[in-house]
Amino acid sequence: MELAERLLLDALAYLECALSFLFFALLTLLGSPYGRYASQRAAWSLTAPTAWAVQELPSLAVPLLVCVATAAERLRRWPNRILLAMFIVHYTQRSLIFPFLIRGGKPTPLYACVLAFAFCTYNGYLQSRYLSQYAVYGDDWVTDPRFLTGFVLWLVGMLINIHSDYILRNLRKPGETGYKIPRGGLFEYVSAANYFGEVVEWCGYGLASWSVQGGAFALFTFCVLLSRARQHHQWYLEKFEDYPKSRKILIPFLF
Ligand SMILES: NC(=O)c1ccc[n+]([C@@H]2O[C@H](COP(=O)([O-])OP(=O)(O)OC[C@H]3O[C@@H](n4cnc5c(N)ncnc54)[C@H](OP(=O)(O)O)[C@@H]3O)[C@@H](O)[C@H]2O)c1
C-alpha cells in the first residue's frame, strides 16, 4: 500500500511537469481565461473574491486534513514540518486573506474556477502526502545550503508577491474597475512583479524540498505565470502609449 502510494506520488509529480508544458502551450495559444481577459459572454461566472476563495481552498484544506486525519509519520521531523508549513502559510494567505482584499476584480468564468479547484486539490494532495508521509531528510537538512537558500528565496518571493499585489490593489479607489500603469516596487523592472514574486517563492520551496514533487510545482507555476505575464506585458504596451519600454515581462533584467 505504502509503495503503491509512493509510486503514485512520483507519477503525479511527473504528470504535473508534463501538464506545465501543456498549459504553457494552451495558455499561449488561447490566452488566459480570467481577469481582464474573461469573456463577457460566459454563461456562468463567480465574483472574483468567491472564485479565489473557493478555488484555492483545497490547497489549504487538503494539507490540514492530511495532518489531522492521517498518521503523518514524517511530520515528527523538523525539515518536513517546516516545508509543509511553508506551503500552508502561502495558501492561508491566498485563500483566506487575498480574496477579501480584491478591489473591482472581474468575474471569473465557472470553468476556470473549476479547473483551478481541481489543480489545487491535486497539488495539495501531492505536496502534503509526500511531505507528511514519504519525504526522508536528515535532521541536519535544515542547515544544508540548499534548504537555507530555498527558504530565504521562498520568504523573499512571498514578500515580493504580497507587496506587488498590494500595489496593484491600490491602483483602484473603492468602486473603480479600470486599469492604470503600476508604479513602484519591482513593477519598475517588470510588468508582472506579483508573478515574479510567486515564481521565486515556489522555486525556493522546490530547492528547499529537493524533490521532484517540489520541483514540479515550481515548474508549473513558472509555465502558467510566464504565459499570463507575456499576455499582460503585450496588453500594457497596446493600452498605454506611455508604458515604460524598458520594463521586462517577468524576470528583472532578463525577459
Ligand atoms: N501559483 C500559480 O500557479 C498562480 C496562478 C495564478 C495566479 N497566482 C497568484 O494569484 C494572484 C492573483 O493573480 P492574477 O492572475 O489575478 O493577477 P493580476 O492579473 O495581476 O490581477 C491581480 C488583481 O489586481 C487587479 N489589477 C491587475 N492589474 C491592474 C492594473 N494595471 N490596474 C488596476 N488593477 C489591476 C486585477 O483586477 P481585474 O480582475 O479587474 O483584472 C486583480 O484584482 C497573484 O499573486 C499571482 O501570483 C498564482
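A quick note: this is a predicted structure, and the numbers were derived from the prediction, not measured.

**Quick word on the packing of aromatic side chains**
(1) Moving on: The tally for this structure, following the rule as stated, stands at 22 aromatic pairs.
(2) Moving on: Relative to Tyr205, the ring of Phe87 lies with its centre 6.1 Å away and its plane at 40°, an arrangement referred to as tilted. Taken together, the residues span a long stretch of sequence, with Phe87 in helix α4 (residues 78–97) and Tyr205 in helix α7 (residues 193–209) at a distance of 118 residues. For the residue pair Phe87 and Tyr205, the accessibility class agrees, reading buried in each case.
(3) Moving on: Residues Trp235 and Tyr236 carry aromatic rings whose centres are separated by 5.4 Å and whose planes lie at 75° to one another, so their mutual orientation is edge-to-face.
(4) Moving on: The cationic tip of Arg36 hangs over the ring face of Trp235; the distance from NZ or CZ to the ring centre is 4.4 Å.

**Some details on the nonpolar core**
Across soluble globular proteins, nonpolar side chains show a tendency to be buried alongside one another.
(1) Moving on: Ranked by size, the top nonpolar core spans 45 residues in total, and within it Leu83, Tyr130, Leu131, Tyr137, Trp202, Tyr205 and Leu250 carry the most contacts.
(2) Moving on: Broken down by secondary-structure element, the contributors of at least two residues to this core are α1 (2–30), α4, α5 (110–134), α6 (145–169), α7 and α8 (212–239).
(3) Moving on: Among the elements that take part in this core, α8 stands out by supplying eight residues, more than any other.
(4) Moving on: Discounting chain neighbours no more than four positions away, the residues touching Leu250 are Val190, Ala192, Tyr195, Phe196, Val199, Phe222, Leu226, Ala229 and Phe255.

**Considering the site of the ligand**
(1) Moving on: Within the structure, the ligand sits among 26 residues, and Tyr34, Asp165, Tyr179, Lys180 and Tyr195 are positioned closest to it.
(2) Moving on: Between the ligand and the protein, one listed contact pairs an oxygen atom with a side-chain N or O atom of Asn161 at 2.9 Å.
(3) Moving on: Take Arg228: an N or O atom from its side chain is 2.8 Å from an oxygen atom of the ligand.
(4) Moving on: The protein chains hide 91% of the 900 Å² of surface that the ligand would expose on its own.
(5) Moving on: For the shell around the ligand, the secondary structure elements donating two or more residues are α6, α7 and α8.

**Describing the pattern of salt bridges**
(1) Moving on: Across all of its chains, the model carries eight salt bridges by this definition.
(2) Moving on: Among the salt bridges present, the one from Arg94 reaches Glu198, with a minimum N-O distance of 2.7 Å. In this pair, Arg94 sits in helix α4 while Glu198 sits in helix α7, placing the two residues 104 residues apart along the sequence.
(3) Moving on: A salt bridge links Lys180 to Glu176; its shortest N-O distance comes to 3.0 Å.

**Here we look at the packing of α6 against α7**
(1) Moving on: Look at α6 against α7: their axes get within 7 Å of each other, and the N-to-C directions meet at 160°. Judged by the inter-axis angle, α6 sits roughly antiparallel to α7. As α6 packs across α7, the resulting crossing turns out to be left-handed.
(2) Moving on: Its residues placed into classes, the contact of α6 with α7 shows 13 nonpolar, eight polar and four charged.

**Some words on the UniProt feature "domain: 3-oxo-5-alpha-steroid 4-dehydrogenase C-terminal" (unreviewed entry) in the protein**
(1) Moving on: Using the residue numbers shown here, the UniProt feature "domain: 3-oxo-5-alpha-steroid 4-dehydrogenase C-terminal" (unreviewed entry) corresponds to residues 107–255.
(2) Moving on: The distance from the first to the last C-alpha atom of residues 107–255 is 30 Å, and the span holds 64% helix and 1% strand.

Calculation criteria
- Residues numbered from 1 in each chain as written.
- Predicted model: local features only at pLDDT ≥ 70, side-chain atom pairs only at ≥ 80, totals over all residues.
- Heavy atoms only, no water.
- Phe/Tyr/Trp six-rings, centres within 6.5 Å; stacked < 30°, edge-to-face > 60°.
- Helix = DSSP H or I, 4+ residues; strand = E, 2+ residues; numbered from the N terminus.
- Buried < 20%, exposed > 50% of the residue type's maximum accessible area, 1.4 Å probe, protein only.
- Lys NZ or Arg CZ within 6 Å of the ring centre and 35° of its normal.
- Core = buried A, V, L, I, M, F, W, Y, C linked by side-chain atoms within 4.5 Å.
- Contact = heavy atoms within 4.5 Å.
- Near = heavy atom within 4 Å.
- Polar contact = N/O pair within 3.5 Å; in protein donor to acceptor, adjacent residues only side chain to side chain.
- Areas by Shrake-Rupley, 256 points an atom, 1.4 Å probe, with all protein chains shown as cover.
- Salt bridge = Lys/Arg side-chain N within 4 Å of Asp/Glu carboxyl O.
- Axes fitted to C-alpha atoms, helices over the stretch in contact; angles between N-to-C directions.
- Parallel < 35°, antiparallel > 145°, perpendicular 65-115°, else oblique.
- Left-handed = near helix turned anticlockwise from the far one by under 90°.
- Nonpolar A, V, L, I, M, F, W, Y, C, P; charged D, E, K, R; others polar.
- UniProt positions renumbered as here; feature names shortened; annotations may be inferred.

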